[in-house]
Amino acid sequence: MLIPILLGISIAIFLIMQLIPGDVVSGILGIEETPELRAMWEKKLGIDKPLVTQYFNWISGVVRGDFGESFRTGAKVFPEILWRFSISAELAILACIVAWIIAFPLGILSALKRNSFIDRIVRVAALLGVSVPGFAFATLLILFLALVFGYYPPIKYVSLMQNPLKNLEIMILPAIVLGSSMAGSVMRMTRSSMLEVLRQDFIKAVRAKGAPERITIMRHAFRNASIPIVTLVGMQIGILMGGTVVIEQIFSIPGLGQYLLTGIFQRDFPIVQGTVLFMATIYVIINLLVDILYTYIDPRITYS
Amino acid sequence: MSDKKTYVDRRLPTGDSLLKQLWQDPLGRAGFLGILFILLLALFAPIIARYDVAQINSKARLAAPSGTYWFGTDNFGRDIFSRIVYGAQVSLLVGVVSVSIAAGIGYLFGLAAGFFEGKVESTIMMLMDIIFAFPSILLALLIVAVLGTSIVNTMIAIGIVNIPVFARTVRASVKAVKGTDYIANARSVGLKNSVILFRHITPNSLAPFTVQATLALSSAILTEATMSFLGLGIQPPNPSWGSMLSEARTYMEMAPWMVVFPALFIIFTILSFNILGDALRDALDPKLKL
């Protein structure tokens, strides 16, 4: 299933890119455009050939890890994608950590203390987490920090290798923004899934044999409740990738999302094609990994 | 518990009882009132708005909220309150039209996939999987990059992105009712496919469909705001909450009201839709209570 979907995606992206109005050659040449210069540039960029040839040229390169060169700068796209991916991935991992630290304990607590005061607070917080758009939260957060503490998030990016502390300072605010919106839905799913499991007979049996409450909750209830939660977390990776597009823009982080937006604004096809294909591939692969993870969590699930 | 396949009634409760049920649930009531408020703002925008949304007034640049300008003014001296009110119109319009596009097409796809199975189903679901394989905001941005930025293209982009969720929901419920006795009965008395599909299967898939539509509305409004925030949605001088918020970032410290009001309205609207969506799901499908 993986290969046909990826092929379908690559064709879809390629065709979409062909439909984009405005062409890059006149963008590069501007008023100096002459028919000869135009023909030369079209040949140089490879866009003088028929569509099918263009597609095969592109996709055969992609398979070999060559995503082409940027129309504007001439720089290879793939190394740039990899470098930027490492930044976006760091952001995504930090966001997941933030989300899980908030969501799992609170979700479990909320299920255990159903309809209590804590439960209500957690549910309202979760609903807010789901409903407050990342860019609105980010903007309000920056405003709040500036007005109250006179703090401004750093604009210049520093990599993790150069200066881990500085890097963390840059990443922490966007990670909190992305993480809190993820936390909302994970919290809700954890709560409802735990409630479902806690009702079942085997939990009574575990309690009846005298297992400590901690073991009952963590080893028996939470593990059995985790299938829908894992599904949700897998699905959220996609939302997370979309989220990074906006959040990277706000916090000036040179990740994949920012690369893609620049590509769209500058009509730089290889950048857009490459980045979208790369993101979609990661997304599909993560969903596959989630499926495999099921069999680990619940050995009753097998795939033929 | 018997092993027999039990029939789950997925028809919508009649309008009256559903509304009553929603009203009795405090959260449902809150969501309903919230949406009603935004709807009224949008409908009566020409009466409520106090100034022309595009009117530039260089003498009143970045004015703080006051009796004259309730929510203050922006960097062009435009009245933020009036722009928020008209922004409600834009948000709801984009939301409703794009969800209608998604629901209409998704519904037909889902119905066809669930009912005919075989090649039809695998082709449709393959197409849906491809759309689904793109993070939604990414695909919407790509489509707008192709079609160009305008309000209609924003609607089309958000519509296309939301087709798969509807197709999947409808397909699942069609499959659920298809195996039941009453559909077999309908077949045995010789009813045509089209009659079975639209008279008998359709009403039975409406409940999950309605919940999905409410949630899709909130996500469509969110996507529009995000796209406009990135400069690839509604274009100035048309007021959109997303683009207002984006413009406000430059003047954040001088004029915090430029940030606060659009942000609050976006949050309020999406919150209202999500609360109503939750309440609707509880009312229609008590098993799924969160």
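Before any of the text, the structure's been laid out above.
I will try to describe carefully the structure that is included in this document. On a predicted model such as this, the values are computed, not experimentally measured, just so you know.

Some details on the overall build of chain A
Move 1: Tallying secondary structure elements over chain A gives 12 helices and 0 strands in all.
Move 2: The order of α-helices and β-strands along chain A, N terminus first, is α-α-α-α-α-α-α-α-α-α-α-α.

Brief notes about the nonpolar core
Move 1: Counting residues in hydrophobic clusters, the biggest one holds 153 residues, and the most contacted among them are A:Ala95, A:Val186, A:Val276, A:Ala280, B:Leu138, B:Ala140 and B:Leu141.
Move 2: Looking at which element gives the most residues to this core, the answer is helix H12 (residues 257–284) of chain B, with 16 residues.
Move 3: Not counting residues within four places of it along the chain, the set of residues in contact with B:Leu138 comprises A:Gly242, A:Val245, A:Val276 and A:Met279.

Quick look at the interface of chain B and chain A
Move 1: Listed per partner, the contact involves 33 residues of chain B and 36 residues of chain A.
Move 2: The greatest single-element share of the side of chain B that touches chain A, amounting to 8 residues, is contributed by H12(B).
Move 3: Looking at the side of chain B that touches chain A residue by residue, the class counts come to 26 nonpolar, 4 polar and 3 charged.

Brief notes about unusual backbone geometry
All names here are of chain A.
Move 1: Unusually for a residue other than glycine, asparagine 115 sits at a positive phi of about 65°.
Move 2: You can see asparagine 115 is positioned in the loop between helix H5 (77–112) and helix H6 (117–131).
Move 3: Asparagine 115 gets classed as exposed once you count the C-beta atoms within 10 Å, which come to 9.
Move 4: With a phi close to 50°, serine 252 is a non-glycine residue in the positive phi region.
Move 5: Note on placement: serine 252 falls in the loop between helix H10 (213–250) and helix H11 (256–266).
Move 6: Of the residues examined, serine 252 has 14 C-beta atoms within 10 Å and is grouped as partly exposed.

A few points about the environment of A:Ala175
Residues and elements named next belong to chain A.
Move 1: Inspection of the secondary structure assignment puts alanine 175 in helix H8 (residues 164–198).
Move 2: C-alpha separation for the pair alanine 175 and glycine 129, spaced 46 residues apart in sequence, amounts to 14 Å.
Move 3: Ignoring any residue separated from it by four or fewer positions in sequence, one finds alanine 175 in contact with Leu91, Leu94, Ala95 and Val98.

Topic: the packing of helix H4 (residues 80–116) of chain B against H12(B)
Residue and element names in this part refer to chain B.
Move 1: The N-to-C vectors of H4 and H12 enclose an angle of 30°; their axes lie 11 Å apart at closest approach. Looking at the two axes, H4 sits roughly parallel to H12. In this structure, H4 meets H12 at a crossing whose hand is right-handed. Of H12, the residues touching H4 (which contributes Ile80, Ile84 and Ser91) are Trp257, Met258, Phe261, Pro262, Phe265 and Thr269.
Move 2: A class-by-class count of the residues in the contact of H4 with H12 yields 7 nonpolar, 2 polar and no charged.

Some remarks on H6(A)
Move 1: With 15 residues, H6(A) extends 21 Å between its outermost C-alpha atoms, agreeing within 8% with the 21 Å of an ideal straight helix rising 1.5 Å per residue.
Move 2: All of the buried residues along H6(A) are A:Val122, A:Ala126, A:Leu127, A:Gly129, A:Val130 and A:Ser131.
Move 3: Those residues of H6(A) that are buried lie in contact with H5 and H8 of chain A together with H12 of chain B.

Some details on the environment of B:Ile80
Residue and element names in this part refer to chain B.
Move 1: The residue isoleucine 80 is located in helix H4 in this model.
Move 2: Sequence separation between isoleucine 80 and tryptophan 257 is 177 residues; the distance between their C-alpha atoms is 8.7 Å.
Move 3: For isoleucine 80, the contacting residues outside a window of four places in its chain are Phe71, Gly72, Thr73, Asp74, Trp257, Met258 and Phe261.

Focus on the packing of helix H5 (residues 118–132) of chain B against helix H7 (residues 151–178) of chain B
Residues and elements named next belong to chain B.
Move 1: The geometry of H5 relative to H7 is characterised by a closest axis approach of 8 Å and an angle of 140° between their N-to-C directions. As the angle between them shows, H5 and H7 are arranged oblique. Crossing hand, H5 versus H7: left-handed. Contacts between H5 and H7 involve Ile124, Met128, Ile131 and Phe132 on the former and, on the latter, Ile163, Pro164, Ala167 and Arg168.
Move 2: Looking at the contact of H5 with H7, its residues break down into 7 nonpolar, no polar and 1 charged.

Calculation notes
- Every chain begins its residue count from 1, and numbering advances along the sequence as written.
- All chains are assigned letters beginning with A, and all ligands numbers beginning with 1, in the order in which they are written.
- Local features in this predicted model are restricted to residues whose pLDDT is 70 or higher, and side-chain atom pairs enter the listing and the counts only when it is 80 or higher, whereas totals over whole chains, interfaces and linings include all residues.
- Each helix is a run of DSSP H or I of at least 4 residues and each strand a run of E of at least 2, with the numbering of both proceeding from the N terminus.
- We define a nonpolar core as a collection of buried residues of the types Ala, Val, Leu, Ile, Met, Phe, Trp, Tyr and Cys that are connected via C-beta atoms lying within 7 Å of each other.
- Three exposure classes are used. Buried residues have 20 or more other C-beta atoms within 10 Å of their own C-beta, exposed residues have 12 or fewer, and partly exposed residues fall in between, all C-beta atoms being placed from the backbone.
- Each residue is represented by a C-beta atom placed from its backbone, and any two residues with such atoms within 7 Å are regarded as in contact.
- Lys, Arg, Asp and Glu make up the charged group, whereas Ala, Val, Leu, Ile, Met, Phe, Trp, Tyr, Cys and Pro make up the nonpolar group; the residues left over, Gly among them, are polar.
- Note on method: axes are straight lines fitted to C-alpha atoms, helices fitted across the in-contact stretch only, with angles between N-to-C directions ranging 0 to 180 degrees.
- Angle categories: roughly parallel below 35 degrees, roughly antiparallel above 145, roughly perpendicular from 65 to 115, and oblique for all the rest.
- If you view the pair so one helix is near and one far, a crossing is left-handed when the near helix is turned anticlockwise from the far one by less than a right angle, and right-handed when it is turned clockwise.
- How far a helix is expected to stretch is found by multiplying one less than its residue total by 1.5 Å.

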